[in-house]
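This is what each chain is made of:
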Amino acid sequence: MNLKRLIKSFQCAFHGFWDLLRTQQNSRVHAVAAIAVIVLGILFQIQPIEWALVLFVSAFVFAMEQINTVVERMLDILHPADHPGIGHAKDMMAGAVLFAALAAVIIGLIVFLPYVVRMIIK
């Protein structure tokens, strides 16, 4: 294993994630949501399985956002002019991100709603 190559691959990965946050408004919305979920998880002292669920769906949403951004950029390079088929492909990718985000919201409600209800009832 080449340590320099490994370090370089992590640097590239972090650069890519920073580029996503810097250039994509929706990724910043996802980041705020992920931070809120982490803060709520700490405040409510959620269980390990709940941590696993909320962290997984948060990471999944970011991964889908990154894939969406890559596909859009590649399609723009390959075919800069408007094309209905490319527009449909971009819409489908955006739909995949939306689907992941909705799943994350539903899981967040499943995890956090009981804690909120207990807090209100007390």
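> Help me understand the packing of aromatic side chains, please; the structure alone is not making it clear to me.
For any pair of aromatic rings, geometry is given as the distance between the ring centres together with the angle between the planes. Applying the stated criterion across every chain, the model contains 4 aromatic pairs. For the ring pair phenylalanine 17 and phenylalanine 62, a centre distance of 5.2 Å and an interplane angle of 65 degrees mean the geometry is edge-to-face. Within this pair, whereas phenylalanine 17 is found in helix H1 (residues 3–23), its partner phenylalanine 62 is found in helix H3 (residues 48–78), the two being separated by 45 residues in sequence. Under the relative-accessibility criterion, phenylalanine 17 is labelled partly exposed at 29%. Among the residues examined, phenylalanine 62 registers a relative accessible area of 11% and is labelled buried. Between the aromatic rings of phenylalanine 44 and phenylalanine 112, the centroid separation amounts to 6.3 Å while the plane-to-plane angle is 45 degrees, which identifies the pairing as tilted. Residue phenylalanine 44 is found in helix H2 (residues 25–44), and its partner phenylalanine 112 is found in helix H4 (residues 84–121); the two are separated by 68 residues along the sequence. These aromatic residues form a ring-pair network of at least three members: Phe44, Phe112 and Tyr115. Taking NZ or CZ as reference, arginine 118 lies 5.0 Å from the ring centre of tyrosine 115, over its face.

> What is the right way to read the pattern of salt bridges from this model?
One side chain can pair with another of opposite charge once the charged atoms of both are near each other. Within this structure, the stated rule accounts for 3 salt bridges. Between aspartate 19 and arginine 22 there is a salt bridge, with the nearest N and O atoms lying 2.6 Å from each other. One end of the pair, aspartate 19, and the other, arginine 22, are both in helix H1, 3 residues apart, so they sit about a helical turn from each other. Exposure remark for arginine 22: the relative accessible area of 51% places this residue in the exposed category. In this structure, a network of salt bridges that share partners links the residues Asp19, Arg22 and Arg73.

> Is there a simple way to think about the side chain of glutamate 65 in this case?
Here glutamate 65 shows up in helix H3. Arginine 73 provides the closest opposite charge to the buried, salt-bridge-free glutamate 65, at an N-O distance of 9.6 Å. Among all residues touching glutamate 65, those that are not within four sequence positions of it are Leu20, Asn26, Ser27, His30 and Val97.

> Could you clarify how one ought to interpret unusual backbone geometry in this entry?
Among all residues except glycine, the phi angle is most often negative; among peptide bonds, the trans geometry is most common. Of note in the backbone geometry, glutamine 45 takes a positive phi value of approximately 50 degrees without being a glycine. Here glutamine 45 is to be found in the loop between H2 and H3.

> So what exactly am I meant to see when it comes to the side chain of threonine 69 here?
Assignment of secondary structure puts threonine 69 in helix H3. Overall, the relative accessible area of 6% leaves threonine 69 in the buried class. Other than its neighbours up to four places away in sequence, threonine 69 contacts Leu20 and Gln24.

> Even after reading the chapter, I still don't get the layout of surface pockets, so can you show me in this structure?
Remark: the empty space left among the atoms is shown by a probe the size of a water molecule rolled over them. Taken as a whole, the largest pocket holds about 380 Å³ of empty space. Lining of the largest pocket is provided by 20 residues; of these, Ala33, Val37, Ala101, Ala104 and Val105 occupy positions nearest its centre. Breaking the lining of the largest pocket down by element, the ones donating at least two residues are H2, H3 and H4. Among the elements that make up the lining of the largest pocket, the one with the highest residue count is H4 (8 residues). Residues belonging to the lining of the largest pocket are distributed by class as follows: 17 nonpolar, 3 polar and no charged.

Calculation criteria
- Residues numbered from 1 in each chain as written.
- Predicted model: local features only at pLDDT ≥ 70, side-chain atom pairs only at ≥ 80, totals over all residues.
- Heavy atoms only, no water.
- Phe/Tyr/Trp six-rings, centres within 6.5 Å; stacked < 30°, edge-to-face > 60°.
- Helix = DSSP H or I, 4+ residues; strand = E, 2+ residues; numbered from the N terminus.
- Buried < 20%, exposed > 50% of the residue type's maximum accessible area, 1.4 Å probe, protein only.
- Lys NZ or Arg CZ within 6 Å of the ring centre and 35° of its normal.
- Salt bridge = Lys/Arg side-chain N within 4 Å of Asp/Glu carboxyl O.
- Lys, Arg positive; Asp, Glu negative; His and termini not counted.
- Contact = heavy atoms within 4.5 Å.
- 1 Å grid on protein atoms, 1.4 Å probe; cavity = no way out; pocket = protein on both sides within 12 Å on 5 of 7 lines; lining within 4 Å.
- Points joined across faces, edges and corners; volume = space filled by probe spheres on them.
- Nonpolar A, V, L, I, M, F, W, Y, C, P; charged D, E, K, R; others polar.

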